[in-house]
Amino acid sequence: MRYLVTARVKPGKSAALAEAIDDGTLGSGSIAGDEYVRNMGDARQHDDGRVQWVEVCFCPTPLAEERPYWEEYFEIAKVQDAHARSRCRDLNGAEPWACGDCDCSARLEARLRERGRPFRP
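Below or above, wherever it landed, is the structure these notes cover.

## So, the packing of aromatic side chains
Now for step 1: Under the definition given, this model contains 6 aromatic pairs.
Now for step 2: The interplanar angle of 50° and the centroid separation of 5.1 Å between the aromatic rings of Trp53 and Phe74 together place this pair among those described as tilted. Here Phe74 lies in strand β4 (residues 74-81) and Trp53 lies in strand β3 (residues 51-56), a separation of 21 residues in the sequence. Each member of the pair, Trp53 as well as Phe74, is classed as buried.
Now for step 3: Judged by centre distance (5.8 Å) and plane angle (70°), the ring pair of Trp70 and Phe74 falls under edge-to-face. Both residues of the pair, Trp70 and Phe74, count as buried.

Take a look at the structure:
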């Protein structure tokens, strides 16, 4: 499943987050691998300080694996489905692990690219 994550960088964590992105250690130890760094490469920051990105997650609970890694740097405000669950081929069993190569959230990601600015702490 894909989720739209809305968060704010925790006070005093911006430099540490930038370092973790730069040296590739963001999410180190997670089974999600370098998905974290990719997410930050695609993330958008809004004028009010919100940061948004689309997260691919195969956990039965949204961000069950990723949340502890994100919460080191972010206060997560909202996690919502990035598209209709009924159309998720991984979730409905039609194609296991389909979210890795699926373009189901391409329209949402295109809209995000038009808003805010690229996120880079």
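## Let's talk about the pattern of salt bridges
Now for step 1: The full count for this structure, using the stated rule, is 7 salt bridges.
Now for step 2: The residue Arg2 makes a salt bridge to Glu109 at a minimum N-O spacing of 3.6 Å. Taken together, the residues span a long stretch of sequence, with Arg2 in strand β1 (residues 2-9) and Glu109 in helix α4 (residues 106-113) at a distance of 107 residues. Summarising the burial analysis for this pair, Arg2 and Glu109 share the class buried.
Now for step 3: The partner of Arg120 in a salt bridge is Asp22, and the shortest N-O contact between them spans 1.9 Å. Note that Arg120 is positioned in the segment after β5 (117-118) and Asp22 in helix α1 (residues 14-22), a separation of 98 residues in sequence.
Now for step 4: On the basis of relative accessibility, which here comes to 44%, the residue Arg120 falls in the partly exposed class.
Now for step 5: The structure contains a network of salt bridges with shared partners spanning Glu35, Arg38 and Asp42.

Quick notes on the rules
Residues numbered from 1 in each chain as written. Predicted model: local features only at pLDDT ≥ 70, side-chain atom pairs only at ≥ 80, totals over all residues. Heavy atoms only, no water. Phe/Tyr/Trp six-rings, centres within 6.5 Å; stacked < 30°, edge-to-face > 60°. Helix = DSSP H or I, 4+ residues; strand = E, 2+ residues; numbered from the N terminus. Buried < 20%, exposed > 50% of the residue type's maximum accessible area, 1.4 Å probe, protein only. Salt bridge = Lys/Arg side-chain N within 4 Å of Asp/Glu carboxyl O.

It is worth stressing that arrangement in space is one thing and function is another; only the former is reported here.
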